Amino acid sequence: MIEFSQQELAALEQWLSKPIFNGKALNAIQLQGFLSAVLSAPDAIPAGRWMPDALGGEPAFESEQQAQEFMALLMRFYKSVDSALEEGQAPQLILKPQAIADQAPDYPAWCDGYILGWGLSTEEWLQPGNEVLKKLTFPILLLSGAFKEDAERNNGKFMPEDEYEKLQQDCMDVLPGAVSGIYNFWQARRKGTTVKRDTPKVGRNEPCPCGSGKKFKQCCGAERTLH
């Protein structure tokens, strides 16, 4: 499994907070959730599709060297998430406090990132009768706050607060296993099937869609798992 060190994580967090992203890039917590969904999807989602959502558009890199340095770190993070899921390991979630005054781990941010990545899939995840996947995605939806917000938006109360807190804790406990389960669910469905590409294939001598400025064959095209 590819290990992403604490030093690398700190560097990635610093990068994502830089002005070149105009405050629109996902933070590291959201990004891990986002990539977990992208890599778990039943249809292949190439970098050219997920990067704009992850980075909030096209970063205003100051130089090609700066772009290459960031992209190398980002793709290493991508591969670390990919290798953990591929080896059947529940991911070690990046969870920091929501705020200085609130030390509770920021599960909503992680789950919001996952839901954003999930939305890039062209497949409908929660089709009628797909009870297995509904059960696996329940912790993600609940911890994002989606269920409670929906109930309150409709002038209702989701459930008594003490019951809600207990359900949240139960979902926190099973979340890593649920994420791994979703990946395995779709991998089993994908075996033996041909995934239809809904975006044009990038030529090996064309510019890489990741925005590095290099040819595809010299950038993400060198790692066949990314496209």
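Everything quoted here is computed from the prediction, not taken from an experiment.

(A) View of the overall build of the protein chain. A count of helices and strands for the protein chain gives 8 helices and 2 strands. Burial status across the protein chain gives 42% buried among its 227 residues. In the protein chain, once contacts between residues fewer than 6 apart in sequence are set aside, the share between residues at least 24 apart is 67%.

(B) Main features of the packing of helix α2 (residues 28-40) against helix α8 (residues 161-190). Two elements in contact, α2 and α8, have axes separated by 9 Å at closest approach and are oriented at 20°. Classified by the interaxial angle, the pair formed by α2 and α8 is roughly parallel. Within the contact between the two elements, α2 uses S36, L39 and S40 and α8 uses V179, I182, Y183 and W186. Residue composition of the contact of α2 with α8, grouped by class: 5 nonpolar, 2 polar and no charged.

(C) Structural context of the packing of aromatic side chains. Tallied over the entire structure, the rule returns 15 aromatic pairs. Consider the rings of F34 and W50, whose centres lie 6.5 Å apart with planes at 65°: the pair is edge-to-face. Taken together, the positions of F34 in helix α2 and W50 in helix α3 (residues 47-55) put the pair 16 residues apart, joining distant regions of the chain. Both residues of the pair, F34 and W50, belong to the buried class. For the pair W50 and Y78, a centre-to-centre distance of 5.3 Å together with 10° between the ring planes defines the contact as stacked. Residue W50 is located in helix α3, and its partner Y78 is located in helix α4 (residues 64-86); the two are separated by 28 residues in the primary sequence.

(D) Quick peek at the nonpolar core. Membership of the largest hydrophobic core comes to 60 residues, with the highest contact counts inside it found for L31, F34, W50, F70, L74, Y114 and L175. For this core, the leading source of residues is α4, giving 10 residues. Not counting the four nearest positions on each side in its chain, L175 is found in contact with L93, Y107, W110, C111, P139, I140 and L143.

(E) Region of interest: the environment of C171. With respect to the helices, strands and loops of the structure, C171 is situated in helix α8. Note on C171: relative accessible area 4%, which makes it buried. C171 sits 28 residues away from L143 along the chain, and the two C-alpha atoms are 7.1 Å apart. Discounting chain neighbours no more than four positions away, the residues touching C171 are F138, P139, L142 and L143.

(F) Spotlight on helix α6 (residues 131-143). Over its 13 residues, α6 extends 19 Å from the first C-alpha to the last, a length consistent with the 18 Å expected when each residue adds 1.5 Å. At T137, α6 shows its largest bend, some 40°, and a proline, P139, comes one to four positions later. Taken residue by residue, α6 has L133, L136, T137, P139, I140, L141, L142 and L143 as its buried positions. In this structure, the buried side of α6 is in contact with α5 (107-118), α7 (146-153) and α8. With its phi angle positive at about 90°, G145 sits one or two positions after the end of α6.

(G) Up close: the environment of A25. Along the chain, the position of A25 falls in the loop between α1 (6-16) and α2. You can call A25 buried: its relative accessible area is 15%. In this structure the C-alpha to C-alpha distance between A25 and P59, which are 34 residues apart in sequence, comes to 8.9 Å. What A25 contacts, discounting residues up to four positions off in sequence, is L16, A54, L55 and G56.

(H) Main features of the confidence of the model for the protein chain. Averaged over all residues, the pLDDT of the protein chain equals 84, while 81% of them reach at least 70. Contacts of residues 194-204 to residues separated by more than four positions or lying in other chains number 17 contacts, the stretch itself having pLDDT below 50.

(I) Structural context of the packing of α2 against α4. It is at 10 Å that the axes of α2 and α4 come closest, and there the two elements cross at 55°. If you check the angle between α2 and α4, you find them oblique. Viewed along their axes, α2 and α4 form a crossing whose handedness is right-handed. Contact with α2, carried on its side by A28, L31, Q32, L35, S36, L39 and S40, involves L74, F77, Y78, V81, D82 and L85 of α4 and no other residues of that element. Its residues assigned to classes, the contact of α2 with α4 comprises 9 nonpolar, 3 polar and 1 charged.

Definitions and limits used
Residues numbered from 1 in each chain as written. Predicted model: local features only at pLDDT ≥ 70, side-chain atom pairs only at ≥ 80, totals over all residues. Heavy atoms only, no water. Helix = DSSP H or I, 4+ residues; strand = E, 2+ residues; numbered from the N terminus. Buried < 20%, exposed > 50% of the residue type's maximum accessible area, 1.4 Å probe, protein only. Contact = heavy atoms within 4.5 Å. Axes fitted to C-alpha atoms, helices over the stretch in contact; angles between N-to-C directions. Parallel < 35°, antiparallel > 145°, perpendicular 65-115°, else oblique. Nonpolar A, V, L, I, M, F, W, Y, C, P; charged D, E, K, R; others polar. Phe/Tyr/Trp six-rings, centres within 6.5 Å; stacked < 30°, edge-to-face > 60°. Core = buried A, V, L, I, M, F, W, Y, C linked by side-chain atoms within 4.5 Å. Expected span 1.5 Å × (residues − 1). Bend = angle between axes of the 7 residues up to and from the residue. pLDDT = per-residue confidence, 0-100. Left-handed = near helix turned anticlockwise from the far one by under 90°.

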